[in-house]
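Per-entry structural report
Okay, here's what each chain looks like letter by letter:
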Amino acid sequence: MLLSEIAQRVGGRLEGPDQDIIGLAAPGRAGAGELVVVREAKFLEVALASGAALLLDETCFCPDTVSRIRVPVVQKAWLAVLALFDQPEPWAAPGVHPTATIEAGASVDPTARIGAYVLVRRGAKVAAGAVIAPYCYVGEGVEVGPRTVLEPRVTLHRNTRLGADCLVGAGTVLGAVGFGLQDNRRLPHTGRVVLEDGVELGANCVVQRSVVGETLIGAHSKIGDLTHIGHNVQIGKDVVMVGSSAIGGSVVVEDQVLMGGWVVLSDHVRVGKGARL
């Protein structure tokens, strides 16, 4: 891709010689034919020494011999640049793979993509544009919303419901029976897990279904890898939960909370809107 084309597509201005760009690189590992996005001034010196083309703001010094893209705000251009070089995994071809099993009574939209060795149980519904990668399990009564993506080996236990445009990372389990005991016997968990629109979960997360009602994750919340969410938890909208965190049963996390890595919430607590933990 030509540097001039990148400049046009990110709303920047090319200065210096135009050239072909093969990919993005970190400042300390870049070379000729690559593009370094200088997001902080402290990386400018090593970026200039790399021989790579640069994307930087209007104020950073840069010799005339260096090919560069100038933008008003680098952070705003960052996402657009990443998108230009991103190569999303297709996970599955359009339609149903010959090795997948769709039980009688299940509904799969013709535009969905169902990968190898997927099992979709009776009563499940897979909506338009959804992608289910190889080796996923979609249990009875599950609903997978439009354009939602399940990466490989995701397990959706019965009656789990995912809204539109969700992303569930590889190995994640939604709807597992919670760790609720009475008289040394595990309580039956009659509820389900619900993900509202635009929720993202990383790899190898566990979200337990509720004893009654729903374990809920609100719209557009983003949850990192290796997180645990207990039964009957209610998570609000636009919550960010960094990897390796955990939430005990029946916790309420209100909208726009940010939880850092390794944060653990004991059961039955409430975290107020916009809190930072």
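Located above this text is the structure these notes cover.
Quick look at the structure, then. Worth saying up front: this structure is predicted, and the values here are computed from it rather than measured.

Section: the packing of aromatic side chains
One pass over the structure, following the stated rule, counts one aromatic pair. Ring centres of Tyr117 and Tyr135 lie 5.4 Å apart, and the angle between their planes is 15°; on these two criteria the pair is classed as stacked. In this pair, Tyr117 is assigned in the loop between strand 9 (113-114) and strand 10 (119-120) and Tyr135 in the loop between strand 12 (131-132) and strand 13 (137-138), connecting sequence segments 18 residues apart. You can call Tyr117 partly exposed: its relative accessible area is 48%.

Some thoughts on helix 3 (residues 74-85)
Owing to its 3.6 residues per turn, the α-helix aligns residues three or four sequence positions apart on the same side. An ideal rise of 1.5 Å per residue puts 16 Å on twelve residues; helix 3 measures up with 16 Å between its terminal C-alpha atoms. Taken together, the buried positions of helix 3 are Val74, Ala77, Val81 and Leu84. Buried residues in helix 3, looked at end-on, bunch into an arc of 70°, giving them a common side. Looking at helix 3, the residues exposed on the side facing more than 90 degrees away from the buried face are Lys76, Leu79 and Ala83. Here the buried face of helix 3 lies against helix 1 (3-10), strand 2 (23-24), strand 3 (34-37), strand 4 (53-57) and strand 5 (68-71).

A few points about the pairing of strand 22 (residues 192-195)
The pairing of strand 17 (residues 161-162) with strand 22 spans two bridges and is parallel. By the bridge assignment, Arg161 is partnered in strand 22 with Val194. Here four bridges tie strand 22 to strand 25 (residues 214-217), and the two strands are oriented parallel to one another. Bridge pairing in strand 25 places Arg192 opposite Glu214.

So, the nonpolar core
Counting 42 residues, the largest nonpolar core has Leu150, Leu174, Leu195, Leu201, Ile217, Ile235 and Ile247 as the members making the most contacts within it. Residues within four places of Ile217 in sequence aside, it is in contact with Val194, Leu195, Glu196, Val199, Leu201, Val207, Ile223, Ile229 and Ile235. With 15 residues, the next largest nonpolar core counts Val37, Ala53, Val81 and Leu84 among its residues.

So, the sheet that holds strand 4
Read across the sheet, five strands follow the order 1-5-4-3-2 without closing on themselves; strand pairing throughout is mixed. At either margin of the open sheet sits one strand with a lone partner, and together these are strand 1 (13-15) and strand 2. Bridge count between strand 3 and strand 4: three bridges; the pairing is parallel. Bridge pairing links Leu35 to Ala53 in strand 4. On the sheet, helix 1 packs against strand 1, strand 3, strand 4 and strand 5 and is oriented at approximately 10° with respect to strand 5.

Digging into unusual backbone geometry
If you check the backbone angles, Trp91 has positive phi at about 65° while not being a glycine. Following the sequence through the fold, Trp91 ends up in the loop between helix 3 and strand 6 (95-96). On the basis of relative accessible area, Trp91 is assigned to the partly exposed category, the value being 28%. Located in the positive-phi region is Ser250, a residue other than glycine, with phi close to 65°.

With respect to the sheet that holds strand 34 (residues 270-271)
Across the sheet, nine strands lie side by side as 8-11-14-17-22-25-28-31-34; this open sheet has parallel pairing. Each end of this open sheet is capped by a strand with a single partner; those strands are strand 8 (107-108) and strand 34. Relative to strand 34, strand 31 (residues 252-253) runs parallel, the two sharing two bridges. Residue pairing across strands places Val252 opposite Arg270, the latter belonging to strand 34.

A look at the state of the cysteines
Here the structure, examined in full by the defined rule, presents zero disulfides. Lacking any disulfide linkage, Cys136 is separated from the closest cysteine sulfur, that of Cys166, by 14 Å. Take Cys166: it sits in no disulfide, and the sulfur closest to it among the cysteines is that of Cys205, at 13 Å. Residue Cys166 is classed as buried on the basis of its relative accessible area of 2%.

Definitions and limits used
Residues numbered from 1 in each chain as written. Predicted model: local features only at pLDDT ≥ 70, side-chain atom pairs only at ≥ 80, totals over all residues. Heavy atoms only, no water. Phe/Tyr/Trp six-rings, centres within 6.5 Å; stacked < 30°, edge-to-face > 60°. Helix = DSSP H or I, 4+ residues; strand = E, 2+ residues; numbered from the N terminus. Buried < 20%, exposed > 50% of the residue type's maximum accessible area, 1.4 Å probe, protein only. Expected span 1.5 Å × (residues − 1). Arc of directions from axis to C-beta. Contact = heavy atoms within 4.5 Å. Pairing = 2+ DSSP bridges. Core = buried A, V, L, I, M, F, W, Y, C linked by side-chain atoms within 4.5 Å. Axes fitted to C-alpha atoms, helices over the stretch in contact; angles between N-to-C directions. Disulfide = S-S within 2.5 Å.

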